[in-house]
Structures are given as structure tokens and as C-alpha cells.
Amino acid sequence: MAIIFEDTYSTYNAMQRRSFIQSSIGTLCAVPFLGFTALSNTYESKPVWLLEWIKILDEQMPSFKKSRVSDTSKKHYGAFMDATEMPNPHSTAGYIGRACMLMFCAESHFYQSNETLITVEQAAEALLRFQYSDGTIDLLSTNFHSTPDTAFVLENIIPAYKFLKETKITGSGKTLAFLEKFIKNAAEALIVGGIHTPNHRWVVSAALVKINEVFPDKRLVNRAEQWLAEHIDIDTDGQYTEKSTHVYSPIVNRALIDIAKGLNKPELLEHVRKNLLMTLYYIHPNGEVVTEASSRQDRGVIGKMSVYYGNYRYMGLMDNNGQMAAACRLIEKTNSPQALSGYLAYFLENPQLWRELPASQALPTNYLKAFPYSGLVRIRRENWDCTILSKNTSWLTFHKGNAVLQAMRVACSFFGKGQFDSEKIELLGDTWILNKTLEGPYYQPFEKDQISPDGDFEKMPRNLRKQSEIQKLETTVKIVEKQQGIEVEIEMKGTDNVPVSLELIFRPGGIFKGVEQISNSYLFSSQQGEYVVGEDKISFGPGKIEHKGLQLRGALPAMDAPTIYITGFTPFNHVINIY
């Protein structure tokens, strides 16, 4: 049946949207689009929290020494290594960015430090050795002669150049020349180079715009416009193509903000606004962000909202938006200053972000909301929430404070393909339904005129054989909201006597009650079990154990996490309450 769900963005005040479009150009040319030259480098002008960030980064600086290539006989002398001890441009650029920023800050121990300048000069020279003649660099874990990774590195190098130039340290000319050469070489790569992923277009475009601010070149703007002509890849829900809530969505937001400022395109901020308003409905009670729908490397990771801090602060101040201000304050509350201090460069480049946030307005904490384009449903009731997912073998999560059921999975040993997922989520009355049907056929002999004379089985493929004894299995999962939690019914029917294994996979760090431990797994046959993390508790039950075949053929490997098992055979029907 067709269900019409509320559009997250449509709940945003329509008057604010209209007034934004009408007044954007004037506003953007005023406070929100202040440039680097507006930065004041005096102690009195910096807020206390910014000074704390500087202190934190000061304390971290000595840790860079152990990753520096200090042997002058080495090819990459002066460069910096990653955790695998590979010298690389990303680590090197990271150091250069950090050091130049602190040399710029009058409150830093490294302010105008000649010793630090020498190290930066050597690192900048090493960075040039990483750069190819076409202007690109490598991401050693996967990409080579990579335009997008060159753009990512410029996120450190362009601010570093501006900070160092503004600092006016005696003897910095050679270092500035190295950085200028790297940036101009990179510009040539970005003007012609290609990309891999949707977000790369906006990261590259933002880098083109930032270079143009320092070294103007019409070709840079033209190339950015060429990418922008493809339109921003945001869906009706407010999510970008990759649905990467912990990595690429905040990166895209920042890139679009930079492009909007650099090219005076305030209309791009509409996409940022839409994504940020949607993301308010992705926040767990403990302040984390839903990541299970991502199509990238952050799928299912613990997602901290700190990555959105600059996004929400920028747009909250621009729009005078109390909910975005509240999101910033939630991020401050649920993330350490150490986690936020990594964004110091962005805040130094954009001193308008130092302003006091508007008064907070309540964040959404009590809702049922579907995101059909993203393939998930969100239920939140103050201190607990549930996420239902399509096209995902981990089709349900349940959070209650810091107690987290990070996945429910179910599988059966049905011809080696019984791991359940559902193409879609349907709503029938008050019940959310996931469904999948499988077939397991056998195959008849080839007709004589089709048989390969050499007996080569590959020349007699199964798809050309007649099927027989076709076995069928239908799995249906029904999820209903109940008082203080949810009820989940799993039904498997069709072929009888198929072993079934249901997993409740919890985040490590808690203590189980009411379950039986076998090795690293837990069998659940009692009426009620509990998972306790500090003062937070998830209750679940009843359980059922009909066999101990926990890892069935064709099922995904067990996760490295505390896992409860419920087992049975088809026809299988089990109802479990989670609260």
C-alpha cells in the first residue's frame, strides 16, 4: 500500500525559507561570508572554548615527533608517517596544517616558533617530493595519482599557507614558496582531473574555490562550475547519495558552504540546511548519529556528532536557528573538547563562528519518522530509539542510553543463502513489515541434443536446465511499537525442518542477565534477559533454544560483539519484546 510520510524539510518554517532566499545575497556579503582577513589574532577576541582548543593542540604537538622521518639519508626525510610507518602526503600535510595554525595563534606555545618553522619547511619540501608532475598525490591505501585525495590534502595546506603568511615569521619565505608551489601544481591537477565518488565532486570544487581565493585563476572557477552543473545529489529525505552520516555528509556540507561563500552562491546552502534538519532525526539518545544506512566505510560504526559541529554552528548562526544551536550544545555536551579541537583551523578561518549561538529550541526526541529514499524508519521516544532498515542484513537497532542493541540478524541454512534482508519496508496499520522469499531448486539432466560432447560441465550451465523439487522459504519480520519499546515477530515458513538462528548483537561493555554463556556466545531460553551498561538497561524476551547450531551455513560470520542466540526450525515463529 502507498504511504505518504511527512517530509522532514517541509517542517522547517516556510517563512524562514522565503526570507532566506530574498535576503541571502545581502546577508552573505555581510557577517556569514567574512573572509580570512577579518580574523583577529588577539587574546581578547577569542572565546574561552577556542583558547582551550589551542591548549589541547599544543599538548598534542610533541606526539608528532615519533612519526617524523628524521633520518637525512631517507628518501622521505622531513615527511610524516601513518600508524603503519608509511611516510605519506596526508600525514605530512596534517602536520604542516597543525604547525602553521599554532604558529599563527598568539596564545600557543608554538607562536612564531623558529624551531617549528624549520620542521615545517622540511615537511613542505617532503610534500613536494610526494607530488607528481601532474600535480596529484597518492592515497597509499587505495588511490594513486588521485585528484580527489589531492583536494583532501589541500584542506590542510591552503589554510597552512594563509596562516603562515599572516604570521609574518622571519625566514618563512622558503616554506611559503614550497607551499605555493604545491598548491599551484595541485591546481593544475584539479582543473583537469577526474573523480570516483559523488562527494569527490564537491570536495574538488571546494578546493578549486579555495585556491582561487589565494591565487585567482578563471580556469579554477570554470572547472568548479562544470562540476556544479551536475546538480547536488540530495534526495527528498534530505540525504546525499552515499548516506554517509558519519564521514561524507558533513564533508559535503562543509564543501558546499565553502563553495557558496567563494562563488557567492547562497542557493547551495539550501542543501546544507535540508541535510542538517533531516539529521536531527538521526540522533540517538546518547548523542550519536545513525550510521547503519550508509553505503560507505562508516556503515554501522559508532558515529559521533562532533563531525557536524562546524556545519550546525555555521548554519545556526546564519539562520538564527534555535534547533541548530541546540544541536551544537548537544555536541558540546556529548563530545570531549579534544574531539572538537581538531576543527580549530576552520574556526580560525571563520571567526564569525566565534559569536554566541542563538537560544536553543527543543530538538526532536519523540517521533516516528520514515525516510523512504534512505530505506529506514526511525522511532524515538525520549530515552530510547529504534532504527528499522531495508537492504541491510542488520535490519534493526535499539538504543537505550548507552545500552545498545547494535543489530538484529536472522538466518537459516536454506541452500546456503538464508541470511535475511528485505528490499523494502512496508507499513500496514501500525506494523512495519520486512519480507523476503527464497527458492531452492534442483536441476534435471540436459536434453541429449544439448549435452556437451566433451563432458565439460561449464558448457551445460544450470540456468539452462529444467528445475524440479523447488523448495521455498518466506521470511516475514513484523515490528510494532509498544509501551516503552518494540515487539518483533519473526516468521519463517515454506520448507519445513530448516534450522534457524536469530542473533541479538549488543555493543561491548555491558553485563548480561538471564542468559547462558557458551564460549563467546550466549544462549537465551528464559522468559526475560537483560543487558546492563552502567545505569542503562535493555530488557528482552522471551527466548527459545531448539538447537545449538549458531553459525549456520550461508549465514554471515559472527560479529566480534556480545551476541544472544535464539534458535529453532521452520516453520518458525517467535515474538520477542525489546524495551
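Residues numbered from 1 in each chain as written. Predicted model: local features only at pLDDT ≥ 70, side-chain atom pairs only at ≥ 80, totals over all residues. Heavy atoms only, no water.

A. Structural view of the overall build of the protein chain. Regarding its fold elements, the protein chain presents 14 helices and 24 strands. The C-alpha extent of the protein chain, read off along each of the three principal axes, is 80 × 70 × 50 Å. Counting across all 579 residues of the protein chain, residues that qualify as buried make up 55%. Sequence separation of at least 24 residues holds for 69% of the intrachain contacts in the protein chain that already meet a minimum separation of 6. On the protein chain, roughly 25700 Å² of surface is accessible, and the fraction owed to carbon and sulfur atoms is 51%. The protein chain carries 60 positive and 64 negative side-chain charges, and their two centres are separated by 1 Å. (Helix = DSSP H or I, 4+ residues; strand = E, 2+ residues; numbered from the N terminus. Buried < 20%, exposed > 50% of the residue type's maximum accessible area, 1.4 Å probe, protein only. Contact = heavy atoms within 4.5 Å. Areas by Shrake-Rupley, 256 points an atom, 1.4 Å probe, with all protein chains shown as cover. Lys, Arg positive; Asp, Glu negative; His and termini not counted. Charge placed at Lys NZ, Arg CZ, Asp CG, Glu CD.)

B. Representation of the sheet that holds strand E14 (residues 431-443) within the structure. Pairing is antiparallel in the open sheet, where eight strands are placed in the order E13-E14-E15-E16-E24-E22-E21-E18. Across the chains shown, the open sheet's two edge strands, defined by having one partner strand only, are strand E13 (426-428) and strand E18 (511-513). Strand after strand, the sheet turns through a mean of 20° between neighbouring axes, direction not considered. Bridging between strand E21 (residues 529-533) and strand E22 (residues 536-541) involves five bridges; their strand directions are antiparallel. Considered in E22, the bridge of Glu530 is made with Ser539. (Pairing = 2+ DSSP bridges. Axes fitted to C-alpha atoms, helices over the stretch in contact; angles between N-to-C directions.)

C. The packing of aromatic side chains, seen in detail. Tallied over the full model, the rule gives 24 aromatic pairs. A ring pair is formed by Trp395 and Phe420, whose centres lie 6.1 Å apart and whose planes are at 85°; its orientation type is edge-to-face. Highlighted residues: Trp395 in the loop between strand E9 (384-389) and strand E10 (396-400) and Phe420 in the loop between strand E12 (418-419) and E13, separated in sequence by 25 residues. With centroids separated by 5.4 Å and ring planes inclined at 85°, the aromatic side chains of Phe506 and Phe512 adopt a geometry described as edge-to-face. With respect to burial, Phe506 and Phe512 carry one shared label: buried. Three or more aromatic residues joined by ring pairs form one cluster here, namely Phe506, Phe512, Tyr522, Phe524, Tyr531 and Phe540. (Phe/Tyr/Trp six-rings, centres within 6.5 Å; stacked < 30°, edge-to-face > 60°.)

D. Looking closely at helix H4 (residues 114-130). Between the first and last C-alpha of H4 there are 25 Å, a value that for 17 residues agrees with the 24 Å anticipated at 1.5 Å per step. Within H4, burial applies to Thr116, Leu117, Thr119, Val120, Gln122, Ala123, Ala124, Ala126, Leu127, Leu128 and Phe130. Check the buried side of H4 and you find it contacts strand E1 (80-81), strand E2 (87-88), helix H3 (89-104), strand E3 (137-139), helix H5 (147-167) and helix H6 (173-192). A distance of 3.5 Å separates the backbone nitrogen of Glu115 from a side-chain oxygen at the start of H4, and that oxygen is part of Ser113. (Expected span 1.5 Å × (residues − 1). Polar contact = N/O pair within 3.5 Å; in protein donor to acceptor, adjacent residues only side chain to side chain.)

E. Broad picture of the pairing of E10. Burial analysis of E10 places five of its five residues in the buried class, the great majority of the element. Burial along E10 is two-sided: the residues Leu396, Phe398 and Lys400 and Thr397 and His399 are all buried. Pairing analysis gives five bridges linking E9 to E10, with the strands arranged antiparallel. Paired with Asp385 across the two strands is His399, which belongs to E10. Between the antiparallel neighbours E9 and E10 lie six residues, among them Lys391 with a positive phi of about 50°. When E10 meets strand E11 (residues 403-412), the two strands line up antiparallel, connected through four bridges. Among the inter-strand pairings, Leu396 is bridged to a residue of E11, identified as Met408. Adjacent in sequence and paired antiparallel, E10 and E11 are bridged by two residues, among which Gly401 carries a positive phi angle near 60°.

F. Fine view of a nonpolar patch on the surface. On the surface, Met86, Leu140 and Phe144 cluster together into a nonpolar patch covering about 280 Å² of accessible area. Within the secondary structure, Phe144 is located in strand E4 (residues 143-146). (Patch = residues over 30% accessible without salt bridge, like charges linked within 9 Å, V, L, I, M, F, W, Y side chains within 5 Å. Salt bridge = Lys/Arg side-chain N within 4 Å of Asp/Glu carboxyl O.)

G. Inspection of unusual backbone geometry at higher detail. In this chain, Gly541 is followed by Pro542 through a cis amide linkage whose omega measures 0°. Its place among the elements puts Pro542 in the loop between E22 and strand E23 (563-569). Backbone torsion omega between Thr570 and Pro571 reads 0°, so that peptide bond is classified as cis. Residue placement: Pro571 occurs in the loop between E23 and strand E24 (572-578). Non-glycine residue Asn497 carries a positive phi angle of around 70°. Looking at where Asn497 falls in the secondary structure, it is placed in the loop between strand E16 (485-494) and strand E17 (499-506).

H. Focus on the side chain of Glu242. For Glu242, the location among the structural elements is in the loop between helix H8 (218-228) and helix H9 (248-263). Residues contacting Glu242, with those up to four places away along its chain left out, are Thr197, Pro198, Asn199, Tyr248, Ser294, Ser295 and Arg296.

I. Spotlight on the side chain of His574. Here His574 lies in strand E24. Only 2.7 Å separates the side chain of His574 from the backbone oxygen of Pro542, close enough to count as a polar contact. In this structure His574 touches Val488, Glu489, Ile490, Pro542, Gly543, Lys544 and Ile566, once residues within four positions along its chain are discounted.

J. Up close: the pattern of salt bridges. Tallied over the full model, the rule gives 26 salt bridges. Taking the shortest distance from any N to any O, the salt bridge between Glu349 and Lys210 comes out at 3.8 Å. One end of the pair, Glu349, is in helix H14 (residues 344-349); the other, Lys210, is in helix H7 (residues 198-214), with 139 residues separating them in the sequence. Assigned by exposure class, Glu349 and Lys210 land together as buried. The salt bridge partner of Arg409 is Glu503, with a shortest N-O separation of 2.8 Å. Pair noted here: Arg409 is in strand E11 and Glu503 is in strand E17, with a separation of 94 residues, a long-range link. Glu503 shares its class with Arg409; the two are buried. One connected set of salt bridges, linked through shared partners, spans Lys162, Lys210, Glu213 and Glu349.

K. Expanded view of the packing of H5 against H7. Contact geometry for H5 and H7: axes closest at 9 Å, N-to-C directions at 30°. Judged by the sense of rotation from one axis to the other, the crossing of H5 with H7 is left-handed. Of the residues in H7, those touching H5 at Thr147, Pro148, Ala151, Phe152, Leu154, Glu155, Ile158, Tyr161 and Lys162 are Asn199, His200, Val203, Val204, Ala207, Lys210, Ile211, Glu213 and Val214. In the contact of H5 with H7, the residues fall into eleven nonpolar, three polar and four charged. (Left-handed = near helix turned anticlockwise from the far one by under 90°. Nonpolar A, V, L, I, M, F, W, Y, C, P; charged D, E, K, R; others polar.)

L. Region of interest: the pairing of E14. Strand direction decides the pairing type here: E13 and E14, joined by three bridges, are antiparallel. By the bridge assignment for E14, Leu427 is matched with Trp432. Two elements, E14 and strand E15 (residues 467-482), share twelve bridges in a ladder whose sense is antiparallel. By the bridge assignment for E15, Ile433 is matched with Lys478.

As far as function goes, none of this settles anything; it's purely spatial.
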